[in-house]
Amino acid sequence: MATALTWLGHASFRLDSPGGKRIYVDPFLSGNPRTPESEKTPERCDLIVVTHGHGDHVGDTIAIHNELGCPVVAQVELRGWLTRNGVADDGQAHSPNKGGTVAVEGVKVTLTDANHSSSAPDGSYAGEPCGVVLELEDGFKLYFSGDTNVFGDMSLIGRIYSPDVAVLPIGDHYTMGPQEAAVALELLGVPRCVPSHYGTFPLLTGTPDELRRLAPEVEVLAPEPGETIEL
Ligand SMILES: [Zn+2]
């Protein structure tokens, strides 16, 4: 069984793993203008991973956890905030920090660096923003950079984890745009990219076509919101 990735608009994704696990990354659904109505309320979930504390990434994490009881992995300070706001106490098991890996439901979750900012939706401290490498049951690896600009140490992420696909923001303004994303792809050495964090609001102007023009050697897969691609 292949890996299926569904874009839910903005930086929100649903991943169905080869082992049948359903993983949400940054599940910003109810308030997301690009999320299709049919995707606003998850029917099942085995794992949620959150890259940083901003509301457009934490999104519906607490509500989904309360409804479905799924584990939530996030950087230690953000995970602490989530615990204080209704997510079950994990005894630190699902609270790594950058460079750390936790295995949950047969999926390895590694937090990486990201250059951005982070605070919880109520303005409280939420640690530092992160990227995430997910290694699925069959060894397939996806790198979600989270919100970030390009940075040279992406070459270390490529060297150490060799991701099969990179999910990168391209919207510009709050994150990198296509010009920096093209260099990020070069540093990572990945053959495929799924762009994110674009088209949600008028300020986010980057487009997949611009990235394709700047990174012609990389396969840029750009599903519509609600569309699933097989990886
Ligand atoms: Zn964001």
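S.K.: It is not clear to me how the packing of aromatic side chains should be interpreted in this structure. Could you clarify?
M.R.: A ring pair, where both rings are aromatic, is described by two values, the distance of the centres and the angle of the planes. Under the definition given, this model contains two aromatic pairs. When the centroid spacing of 5.1 Å and the interplanar angle of 15 degrees are considered together, the rings of Trp7 and Tyr198 count as stacked. Of the two residues, Trp7 sits in strand β1 (residues 4-7) while Tyr198 sits in the loop between β11 (192-196) and α6 (208-214), which places them 191 residues apart along the sequence. A residue is classified by how much of its surface remains accessible, and Trp7, at 2% relative accessible area, is buried. Judged by centre distance (5.8 Å) and plane angle (65 degrees), the rings of Phe13 and Phe144 are edge-to-face. With a gap of 131 residues between them, Phe13 in strand β2 (residues 13-16) and Phe144 in strand β9 (residues 141-144) connect regions that are remote in the sequence. Under the relative-accessibility criterion, Phe13 is labelled buried at 1%.

S.K.: Can you help me understand the pairing of strand β7 (residues 107-112) in this one?
M.R.: Walk down a regular strand and you will see the side chains alternate between the two sheet faces. Burial runs high along β7: five of the six residues are buried. Here strand β6 (residues 101-104) pairs with β7 via four bridges, running antiparallel. Across the sheet, the residue bridging to Thr101 is Thr110, located in β7. A loop of two residues connects β6 with β7, the two strands running antiparallel in sequence, and Glu105 in this loop sits at a positive phi of about 55 degrees.

About the thresholds
- Residues numbered from 1 in each chain as written.
- Predicted model: local features only at pLDDT ≥ 70, side-chain atom pairs only at ≥ 80, totals over all residues.
- Heavy atoms only, no water.
- Phe/Tyr/Trp six-rings, centres within 6.5 Å; stacked < 30°, edge-to-face > 60°.
- Helix = DSSP H or I, 4+ residues; strand = E, 2+ residues; numbered from the N terminus.
- Buried < 20%, exposed > 50% of the residue type's maximum accessible area, 1.4 Å probe, protein only.
- Pairing = 2+ DSSP bridges.

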